[in-house]
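Observations on chain architecture
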Amino acid sequence: MFSNYKPTWMVEAIYQITPAQLENLGIKAVLTDLDNTLIAWNNPDGTEELLTWILEMKNAGIPVVVVSNNNSKRVARAIEKFDLLYVARAMKPLARGINIAKKQLDLADDEIVMVGDQIMTDIRGANRAGIRSILVKPIIATDSWKTQFNRFWEKRIMAYLLAKYPDMGWRGGIE
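Notes on the structure follow. For clarity, every value in this text was computed on a predicted model and none was experimentally measured. Throughout, a residue's number is its position along its own chain's written sequence, starting from 1. Given that this is a predicted model, residues contribute local features only at a pLDDT of at least 70 and side-chain atom pairs are listed and counted only at 80 or more, while totals for whole chains, interfaces and linings are drawn from all residues. Side-chain numbers here rest on the full set of heavy atoms in the structure, without hydrogens or water.

Regarding the packing of helix α4 (residues 96-105) against helix α5 (residues 119-129)
α5 packs onto α4 with a crossing angle of 60° between their chain directions and a minimal axis gap of 8 Å. Relative to α5, the element α4 is oriented oblique. Crossing hand, α4 versus α5: right-handed. On α5, the residues touching I98, N99 and K102 of α4 are D122, G125, A126 and A129. Inter-axis angles, ranging from 0 to 180 degrees, are taken between N-to-C directions of lines fitted to C-alpha atoms, where helices are fitted over the stretch in contact. Helix numbers and strand numbers start at the N terminus; a helix is a DSSP run of H or I with at least 4 residues, a strand a run of E with at least 2. Angle categories: roughly parallel below 35 degrees, roughly antiparallel above 145, roughly perpendicular from 65 to 115, and oblique for all the rest. Note: crossing handedness is left-handed where the near helix turns anticlockwise from the far helix by less than a right angle, and right-handed where it turns clockwise. In this analysis, two residues are considered to be in contact whenever any of their non-hydrogen atoms come within 4.5 Å of each other.

Some details on the packing of aromatic side chains
Any Phe, Tyr or Trp ring, taking Trp's six-membered ring, that has another such ring centre within 6.5 Å forms a pair; planes under 30 degrees apart are called stacked, those over 60 apart edge-to-face, and the others tilted. Counted under the stated rule, the structure contains 0 aromatic pairs. Counted as over-ring charges are cases with an Arg CZ or a Lys NZ within 6 Å of the ring centre that also lie within 35 degrees of the ring normal. Positioned above the aromatic ring of Y165, the side-chain terminus of K6 is 4.9 Å from the ring centre.

Details of the pattern of salt bridges
When a carboxyl oxygen of Asp or Glu lies within 4 Å of a side-chain nitrogen of Lys or Arg, that pair is called a salt bridge. One pass over the full model with this rule turns up 7 salt bridges. Between E111 and K28 there is a salt bridge, and its shortest N-O distance comes to 3.0 Å. Of this pair, E111 sits in the loop between α4 and β5 (112-116) while K28 sits in the loop between α1 (19-24) and β2 (29-32); the two residues are 83 residues apart in sequence, bridging distant segments of the chain. Categorising residues by exposure relies on relative accessible area from a 1.4 Å probe, with only protein chains included: less than 20% of the type maximum marks a residue as buried, more than 50% marks it as exposed, and the intermediate range marks it as partly exposed. Using a relative accessible area of 17% as the deciding quantity, one classes E111 as buried. R74 is the partner of D35 in a salt bridge, and the nearest nitrogen-oxygen pair spans 2.3 Å. With D35 in the loop between β2 and α2 (48-59) and R74 in helix α3 (residues 72-79), the pair connects residues that are 39 residues apart, well separated along the chain. The class of D35 is buried, set by a relative accessible area of 18%.

Focus: the pairing of strand β6 (residues 132-136)
For β6, a buried count of 4 out of 5 residues is recorded, marking the element as mostly surrounded by other parts of the structure. Sheet topology places strand β1 (residues 9-11) next to β6; 3 bridges connect them, and they run parallel. Of the residues in β6, the one forming a bridge with V11 is V136. Viewed with both strands pointing away, a crossover whose connecting path from the first strand over the helix to the second turns clockwise is right-handed. For the crossover that starts at β5, traverses α5 and ends in the parallel β6, the hand is right-handed. Two strands are said to pair when DSSP picks up at least two bridges between them.

Here it is as structure tokens:
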């Protein structure tokens, strides 16, 4: 049952994912969670590193779409300066929001990847939607109250996954 939460890859941060890596894997678009994946949940300004990463993706012709469980007002305000498409109230771990983004992109499932910091929402949602996934470490160690409950269970699920899949681990990029 916990294998439904297994990410395809695990990298330290979204910034370690390069256009060349994606292209080598046939990935043409990135879906990404917002809080603690792109930006710290309590600081919507982002970083220069994030702006550089988004620009690299745009220059490579790789669309980045935010798929967030937050409401539209929160997501729009957080990403307005990044000029990204988004799906709010995605209802992850259900596939609803990911499927909406997939339809907007009009790409095959194997051409899309979901990036997120939570296995219980982002990774499980990607698996339900039939796309590959990348688990990243949260940008900051704290979470909003809504996420703290999930983190408790994620530790147990991650321990199971690491025991069952010994080749699973944090890497410097995807291959």
